[in-house]
Protein chains: 2
Amino acid sequence: MSFQLKILGSNSATPAYGRHHTAQLLNVQNHYFLIDCGEATQIQLSRYKCKTQRINHIFISHLHGDHYLGLMGLIFTMHLMGRQADLHIFGQKGLEEIIVTQLKYSGTVLNYTIIFRELNPALSEILFEDEWVEVKSFPLNHRIPCSGFIIKEKPKPYRIDKEKLPPNLSLVNIARLKKGEDIYDDQGNLVYKNRDLTLPPRKSRSYAYCSDTKYDETIIHYIKNVDLLYHEATFLLEREQWAEQTFHSTTEQAARIALLAEAKQLIIGHFSARYKDLTPFLTEARHIFNNTLLATEGEAIDVPDL
Amino acid sequence: MSFQLKILGSNSATPAYGRHHTAQLLNVQNHYFLIDCGEATQIQLSRYKCKTQRINHIFISHLHGDHYLGLMGLIFTMHLMGRQADLHIFGQKGLEEIIVTQLKYSGTVLNYTIIFRELNPALSEILFEDEWVEVKSFPLNHRIPCSGFIIKEKPKPYRIDKEKLPPNLSLVNIARLKKGEDIYDDQGNLVYKNRDLTLPPRKSRSYAYCSDTKYDETIIHYIKNVDLLYHEATFLLEREQWAEQTFHSTTEQAARIALLAEAKQLIIGHFSARYKDLTPFLTEARHIFNNTLLATEGEAIDVPDL
């Protein structure tokens, strides 16, 4: 099953050098989660052949323009393309008012329903949950209320070892095996030990999104052992003081968070428009956390199903 | 002196085939007027090397997203780039609320002042005027309140014919000649007839912007004899009925307005995303009004200084 992150925008406040404002599309087992939605996200979705109407959940970290100004256009386009399915939008206080005000003045009555959920930026909350996936928020440390998101696969079933499976085992018993249970006969005698007929479940994968935030070790608790970590790295090390003042992070700070969180892989992005060449970002981050990638628009990062 | 229209976006409701939402930059004698500001306008301005900070006046025709959703991003970018000059924004009721709400939730105090002027969509009003240029609104016929704009050069001075100019003519008298006046001596005797020393003034050029609107001949009155007319042509003739229902125009309707207005040149745009090939737009429009161009992003149309 898929667990793929697609980068739609990688720059910070001002678009530059062909880099757009922040937006990411995470496909977890065919759930399409849009995370932040900077200006021109609908164009980026189309450019990279993403199926816009399959997005049912949009998570907006905070209300700086470079993280949400593409949302209104996307909402209109979904409407014009005939969307009927509910759209769930998660954002800070104010986002609903911003959207509702613009719908009103445009004279638009959407042919689908938007279900808003206001985030509490001080808490970690479950935002979405079903049989396969869970999405939680957690607090980030920025100039205005800002939440990070962590998306985790739910525990997966034990895998039936087809070579060892006795013939004519009932569906009920197969379901028991998938849950990790042993199998007993009607008299309560053990017939099969689970471990003799199954392989262990595949690993539940996870992705954490941390943008925008200054360096803050309190987030480690929420993202510990994550498979794939996105952490903003707006500036190179040379501008650490400015990063501190603007509540952003440097390359090394992002890498240090990845190291402390024992993440498997780090992606850095939200690059300042002052930098054309991003090579030094990678060099600096890898100095501390080797398995680092640059967020590159149009590129997809797969977390393998192990 | 320059009178140049630059097309930044040419498509209607949904971006498609590399075509963006509506935005145009008109340079009239170094006044930079931004007319509509669809999503990604700031990116288009940068792509086509326009000097964003030289824009002091923004005219938004109406509050459908494809005509203004790039405005907020542009406002933020102007701020981040250190703008200090006032920015004048003209738009329908609601635009100020939309902007102020978003500034509030982003926690931004701009380092420049926005001066809003609410349009009255039922009237033709002077929006801007100085020694050289005048901008007026006029009513368009759309689903929601919508204004067109006409930008005209003020009458120009008579041109001194240097070959005929007598030596030692005072600056006061030269100024009189430029105003078209004859020159008298202190006793009130005619010394020089203006027409003997001057060439007629250059023509005052004009540009009219009509988007979005259904076919409506009442606009002719406002745009009569315009040099350059932009009129939306969202659909080909085949969809005339749909154009009527959605308060848009077809190729032939745009061309008919140009013909009736005795415009010198027509540009059509606001193309529906259903059309990839725009050749039929040109063919259909030219059938009625030959001097027609397609709005093509990145292209500049100059009105010559005759």
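Rules of the game
Residues numbered from 1 in each chain as written. Chains lettered and ligands numbered in written order. Predicted model: local features only at pLDDT ≥ 70, side-chain atom pairs only at ≥ 80, totals over all residues. Heavy atoms only, no water. Helix = DSSP H or I, 4+ residues; strand = E, 2+ residues; numbered from the N terminus. Buried < 20%, exposed > 50% of the residue type's maximum accessible area, 1.4 Å probe, protein only. Contact = heavy atoms within 4.5 Å. Areas by Shrake-Rupley, 256 points an atom, 1.4 Å probe, with all protein chains shown as cover. Lys, Arg positive; Asp, Glu negative; His and termini not counted. Charge placed at Lys NZ, Arg CZ, Asp CG, Glu CD. Buried area = accessible area lost by both parts, 1.4 Å probe. Salt bridge = Lys/Arg side-chain N within 4 Å of Asp/Glu carboxyl O. Polar contact = N/O pair within 3.5 Å; in protein donor to acceptor, adjacent residues only side chain to side chain. Nonpolar A, V, L, I, M, F, W, Y, C, P; charged D, E, K, R; others polar. Disulfide = S-S within 2.5 Å. Arc of directions from axis to C-beta. Pairing = 2+ DSSP bridges. Axes fitted to C-alpha atoms, helices over the stretch in contact; angles between N-to-C directions. UniProt positions renumbered as here; feature names shortened; annotations may be inferred. Least-squares fit on C-alpha atoms with pLDDT ≥ 70 in both.

Colleague: Residue-level account of the overall build of chain A, with values.
Modeller: What chain A contains, in helices and strands, is nine helices and 18 strands. Along the longest, intermediate and shortest principal axes, the C-alpha atoms of chain A span 70 × 50 × 35 Å. Each of the 306 residues in chain A was classed as buried or not, and the buried ones make up 58%. The long-range share in chain A, meaning contacts at least 24 apart out of those at least 6 apart in sequence, stands at 65%. On chain A, roughly 13400 Å² of surface is accessible, and the fraction owed to carbon and sulfur atoms is 50%. In chain A, 34 positive and 36 negative side-chain charges are present, and the distance between their average locations comes to 4 Å.

Colleague: Explain the interface of chain B and chain A residue by residue, including any values.
Modeller: Between chain B and chain A, the residue contacts involve 32 residues of the former and 32 residues of the latter. With both chains or domains summed, chain B and chain A bury close to 2500 Å², and 59% of this area falls on carbon and sulfur atoms. The tally of links between chain B and chain A comes to zero salt bridges. The tally of links from chain B across to chain A stands at ten residue pairs in polar contact (both at pLDDT 80 or more). Secondary structure elements with two or more residues in the side of chain B that touches chain A: helix H1 (41-47), helix H2 (71-80) and helix H3 (95-106) of chain B. It is H3(B) that contributes the most residues to the side of chain B that touches chain A, seven residues altogether. Among the residues making up the side of chain B that touches chain A, the classes are represented as 13 nonpolar, 15 polar and four charged.

Colleague: Quick rundown of the state of the cysteines? Include the residues and the values.
Modeller: Following the criterion strictly, the structure yields zero disulfides over all chains and no others. Left unpaired, A:Cys37 is separated from the closest cysteine sulfur, that of A:Cys50, by 12 Å. Residue A:Cys37 is classed as buried on the basis of its relative accessible area of 0%. As a non-bridged cysteine, B:Cys146 has B:Cys210 as the owner of its nearest cysteine sulfur, 9.5 Å distant.

Colleague: Please give an account of the side chain of B:Ser211 that cites residues and values.
Modeller: Residue and element names in this part refer to chain B. Locating Ser211 in the fold gives a position in the loop between strand E14 (206-210) and helix H6 (220-223). Note on Ser211: relative accessible area 0%, which makes it buried. A polar contact of 2.6 Å, which involves the side chain of Ser211, links it to the side chain of Asp212.

Colleague: Lay out the pattern of salt bridges in plain terms, naming residues and giving numbers.
Modeller: Counted by the stated rule, this structure contains 20 salt bridges over all chains. The shortest N-O distance in the salt bridge between A:Lys214 and A:Glu244 comes to 3.2 Å. Placement of A:Lys214 in the loop between strand E14 (206-210) and helix H6 (220-223) and of A:Glu244 in helix H7 (residues 240-245) is noted, with a sequence separation of 30 residues between them. Relative accessible area serves as the criterion here: at 14%, A:Lys214 is assigned to the buried category. Exposure remark for A:Glu244: the relative accessible area of 45% places this residue in the partly exposed category. Across the pair B:Arg205 and B:Glu153 runs a salt bridge whose closest N-O atoms are separated by 2.7 Å.

Colleague: How would you sum up the environment of A:Leu110? Please name residues and give values.
Modeller: All names here are of chain A. Its place among the elements puts Leu110 in the loop between helix H3 (95-106) and strand E6 (114-118). Given a relative accessible area of 16%, Leu110 falls into the buried group. Look past the residues within four positions of Leu110 in its chain and what remains in contact with it is Ile75, His79 and Leu103.

Colleague: Before we move on, could you go through helix H4 (residues 171-178) of chain A and cite the residues and values that matter?
Modeller: All names here are of chain A. Three or more residues of H4 are buried, namely Asn173, Ile174 and Leu177. Each buried residue of H4 sits inside an arc of 105° when the element is viewed along its axis, so together they form one side. Those residues of H4 that are exposed and aimed more than 90 degrees away from the buried face are Leu171 and Val172. Just downstream of H4, Gly180 is the residue with a positive phi angle, here 95°.

Colleague: Got a sec to walk through the sheet that holds strand E1 (residues 3-9) of chain B? Specific residues and values, please.
Modeller: Residue and element names in this part refer to chain B. Strand order in the open sheet formed by seven strands is E6-E5-E4-E3-E2-E1-E18, with mixed pairing between adjacent strands. At either end of the open sheet lies a strand with only one pairing partner, and these are strand E6 (114-118) and strand E18 (300-302). The sheet shows a mean angle of 20° between the axes of neighbouring strands, taken without regard to direction. Across the sheet, H2 is in contact with strand E3 (31-37), strand E4 (55-59), strand E5 (87-91) and E6; its angle to E5 comes to roughly 170°.

Colleague: Describe the UniProt feature "binding site: Zn(2+) 2" (unreviewed entry) in chain A, with residues and values.
Modeller: Residue and element names in this part refer to chain A. If you check UniProt for "binding site: Zn(2+) 2" (unreviewed entry), the listed places come out as Asp66, His67, Asp212 and His270 in our numbering. In terms of the greatest pairwise C-alpha distance, the residues named above, spread along 205 residues, form a tight cluster of at most 10.4 Å across. One can find Asp66 in the loop between strand E4 (55-59) and helix H2 (71-80). Discounting chain neighbours no more than four positions away, the residues touching Asp66 are Ser12, Ala13, His21, Thr22, Gly38 and His270. Here His67 is to be found in the loop between E4 and H2.

Colleague: Before we move on, could you go through the relation of the copies chain B and chain A and cite the residues and values that matter?
Modeller: Between the two copies of this chain, the relationship is a rotation about some axis together with a displacement along it. Once chain B has been moved 0.0 Å along the axis and rotated by 180°, it coincides with chain A to within an RMSD of 0.1 Å. Both chain copies can therefore be described as sitting about a two-fold axis. Rotation axis and chain B: the residue whose C-alpha lies nearest the axis is B:Ala40, separated from it by 2.8 Å. Here 100% of the interface residues in chain B have copies in chain A that are interface residues too; the copies meet face to matching face.

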